[in-house]
Structure formats: structure tokens, C-alpha cells
Amino acid sequence: MKKHVFVAMAAMISMAWMTGCSGGESKETAADTKAESFGTAAAAEETEKAGDGSEAEATVSAVDVDPESRLGKILASGKITMGTAPDFAPMEFKNVGAKGVEYVGSDIELGKYIAEKLGVELEIKAMEFSAIQQGLASGTIDMGISGFAYTEERAETLGLSDRYNIQSEDKGHTLLVLKEDAASYKTAEDFSGKKVVAQNASLQQSLVTEQLPSDIQFQPVTAITDGVLMLTTGKADALAVSYDNGEMLMKSYPEIAMTEFKFDHSDEGNVIAVKKGEALNGIIAEVNESGLYSQWTEEARALAESLGIEMK
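### Digging into the sheet that holds strand β1 (residues 79-84)
(1) Moving on: Read across the sheet, five strands follow the order β4-β1-β5-β12-β6 without closing on themselves; strand pairing throughout is mixed. One side of each edge strand has no neighbouring strand; the edge strands of this open sheet are β4 (121-126) and β6 (158-160). The mean angle between the axes of side-by-side strands here comes to 30°, regardless of whether they run parallel or antiparallel.
(2) Moving on: Across the sheet, helix α5 (residues 106-118) lies against β1, β4, β5 (143-148) and β12 (271-275), angled at about 150° from β5, the strand it touches most.

### Digging into helix α12 (residues 292-307)
An α-helical turn contains 3.6 residues, so any two residues separated by three or four positions project in the same direction.
(1) Moving on: With 16 residues, α12 extends 23 Å from end C-alpha to end C-alpha; this agrees with the ideal 22 Å at 1.5 Å per step.
(2) Moving on: Among the residues making up α12, those that are buried are Leu-292, Tyr-293, Trp-296, Thr-297, Ala-300 and Ala-304. Down the axis of α12, the smallest arc covering the buried residues is 130°, so these residues share one side. Facing away from the buried surface of α12 by more than 90 degrees, the exposed residues are Glu-298, Glu-305 and Ser-306.
(3) Moving on: Looking at the buried residues of α12, the elements they touch are β2 (93-97), α5 and α11 (282-290).
(4) Moving on: Gly-308 sits one or two residues past α12 and shows a positive phi near 75°.

### Thoughts on the environment of Val-228
(1) Moving on: Looking at where Val-228 falls in the secondary structure, it is placed in helix α9 (residues 224-232).
(2) Moving on: On a C-alpha basis, the gap between Val-228 and Ile-256 in space is 8.8 Å, while along the polypeptide they are 28 residues apart.
(3) Moving on: Not counting chain neighbours up to four residues away, the residues in contact with Val-228 comprise Leu-239, Leu-249 and Tyr-253.

### Comments concerning the pairing of strand β11 (residues 256-262)
(1) Moving on: With respect to burial, β11 is a largely interior element, five of its seven residues being buried.
(2) Moving on: As paired strands, strand β7 (residues 173-178) and β11 are joined by four bridges and run antiparallel to one another. Counterpart to Val-177 in the pairing with β11 is Ala-257.

### Here's the deal with the packing of α5 against α11
(1) Moving on: Where α5 contacts α11, the two axes come as close as 11 Å, and the packing angle between them is 120°. Classified by the interaxial angle, the pair formed by α5 and α11 is oblique. Here α5 runs over α11; the crossing is right-handed. Of α11, the residues touching α5 (which contributes Leu-110, Tyr-113, Ile-114 and Lys-117) are Ile-283, Ile-284, Glu-286 and Val-287.
(2) Moving on: Residue classes in the contact of α5 with α11 are distributed as six nonpolar, no polar and two charged.

### What to know about the side chain of Thr-84
(1) Moving on: Along the polypeptide, Thr-84 turns up in strand β1.
(2) Moving on: Residue classification places Thr-84 among the buried residues on the basis of a relative accessible area of 0%.
(3) Moving on: Setting aside residues no more than four positions away along its own chain, Thr-84 makes contact with Glu-92, Ile-108, Ile-124, Lys-125, Ala-126, Met-127, Ile-132, Ile-145 and Ser-146.

About the thresholds
- Residues numbered from 1 in each chain as written.
- Predicted model: local features only at pLDDT ≥ 70, side-chain atom pairs only at ≥ 80, totals over all residues.
- Heavy atoms only, no water.
- Pairing = 2+ DSSP bridges.
- Helix = DSSP H or I, 4+ residues; strand = E, 2+ residues; numbered from the N terminus.
- Axes fitted to C-alpha atoms, helices over the stretch in contact; angles between N-to-C directions.
- Contact = heavy atoms within 4.5 Å.
- Expected span 1.5 Å × (residues − 1).
- Buried < 20%, exposed > 50% of the residue type's maximum accessible area, 1.4 Å probe, protein only.
- Arc of directions from axis to C-beta.
- Parallel < 35°, antiparallel > 145°, perpendicular 65-115°, else oblique.
- Left-handed = near helix turned anticlockwise from the far one by under 90°.
- Nonpolar A, V, L, I, M, F, W, Y, C, P; charged D, E, K, R; others polar.

These figures capture arrangement, not role.
What follows is the structure in C-alpha cells.
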């Protein structure tokens, strides 16, 4: 394989759990697919050096993957475990039917796509959003895909992928209040002394504690729906959400509305969380370039609407 071919493949798929990865559409057996889909960073470097006019091929085999690395263990087990909090339609939610509970959504499809590219099965572990980071640290899950936003705090303790689900229009983050009170909230100071809720360990929790007055009464909630219930029953004055989430929630709860106030934060899509020192980017690049995530989102929205599930 010539230099430019190998580099193009590496740009399409690179899942680096302490190793570089490249991938193509192999039609061999699952074992052959795994072997041909991964190469070490050293192999890529050697191909770069030999590439000018060279006909040398980059031979990638299973021995190129350290069996003690996270990637090696995933390939050996034949499965990759994904942690997610399935209460965030259309990204991750439950479809309860005759066959039981099925986890669906655009993030679930992303997890399936990653597993398919690795030639392994996907195992989904449903958990509270705040527990995903603990699961990565303990090794009970291999990756967390659950609408994570990039933050410096998370980057200190987690390995974060490049961004996906990047919106063409940045709508930011705001707060939901009862519609009858919406006109009273235009600035951060207007929330002084109020009870504000946000999903535990979420980006919105950080924005609330950093940008609203210090005398607010803050309460984290396990799920966004818990926050909506508190808001609509008068147990909270405001719920912090992303703008898109707020729009979807207002369709299901006509008694709530978004405030004019917006947090100071640039929304740049979502990231996959893995253990610190690991990375996962090549598959993200392929998903971004192909527009697959937008397609998955549209399909998930349609499914959620048909099930009568409120979307975030």
C-alpha cells in the first residue's frame, strides 16, 4: 500500500487506545477485519518515511496491537462496553416494547458504528450520567457516549475525543422557567436567591455555579426530566439546559419557556469520553465527514416523537 493510501485510511479511522489505528472496508472474516483495521503508530511513521516513490506496503496484523492495552483487550474479548444515561432523547433513550427495553438514539447508533468498525459487539450499560466517569476510571466501561460536552475540567481526568454533532448554528445554553415568569429573567442577577437545578455532573451544572449569583439555591438532579418536574410543580425556579434541549422540552411542556438570558459558552458539539491517556478520533472524523450523525439524529427524533417521548 502506497504512502498516500495508508495515510488516507488512517485519517478515516484511528482508534488509539495507546496505539494508532487505520481501517478500511474489509470483507474477510471478523478476525481478519480486526487485524487489518489496526496498525501501530510506529507502522504509520515507517510508512511515512518510506512513502516517497516507494511501493512498500504497510502490513498491519493482530500482532501490532499490544494484547495488554485497552484496545488489545477489547479485540480479545470481542466486545466494547459503552456507558450511557438513556434519558436524553434524541441522543439516548429507551424504547420499551414487546421485546423489553431497547436503548436507541443517535449516540447509540454512534456506539454501534464504532463497534462495527472494530469488528466487535457493543454492550450498553445504562447508568446515571454522573456515574459514567467513575465507570471509565474503574474499567467497567470502555467508553462513555452520553451527550458529553467538552470542558477543561473533564479533560483533566478523562480522554476526550474530537467533537461530533457540531451544529452549524451555535445556540448556546440558557434556563427554563415558568412561562408566566419568563419576562422577569433577563440577566444573571435576576436569578439571585432563586432555586436553580441542572443535571448532575453536566456542563450546565458548571455554567450555573460559575456564572449565576453565589446566593442561588442550586440543586443537581439525576435526569433532566426530574428538573422539569421540579420546575412545573413549583419546587424549582429555573432549569439549566442547552438551547436545543429547551426548544424540545417546550413542545412537551407548554407551561415553560426559555429566558432571554444565555450563558457565556460556545457550544462546539459533543465528545466521547474514555480513560485518561486514551483517544478516539478517526472514526469521529469519518462520521463527521459523512454526515452520518445528522442522519441518526433525524431518525431518532422521528422515533421519539412516535413513542411520545419528550426530547431534550
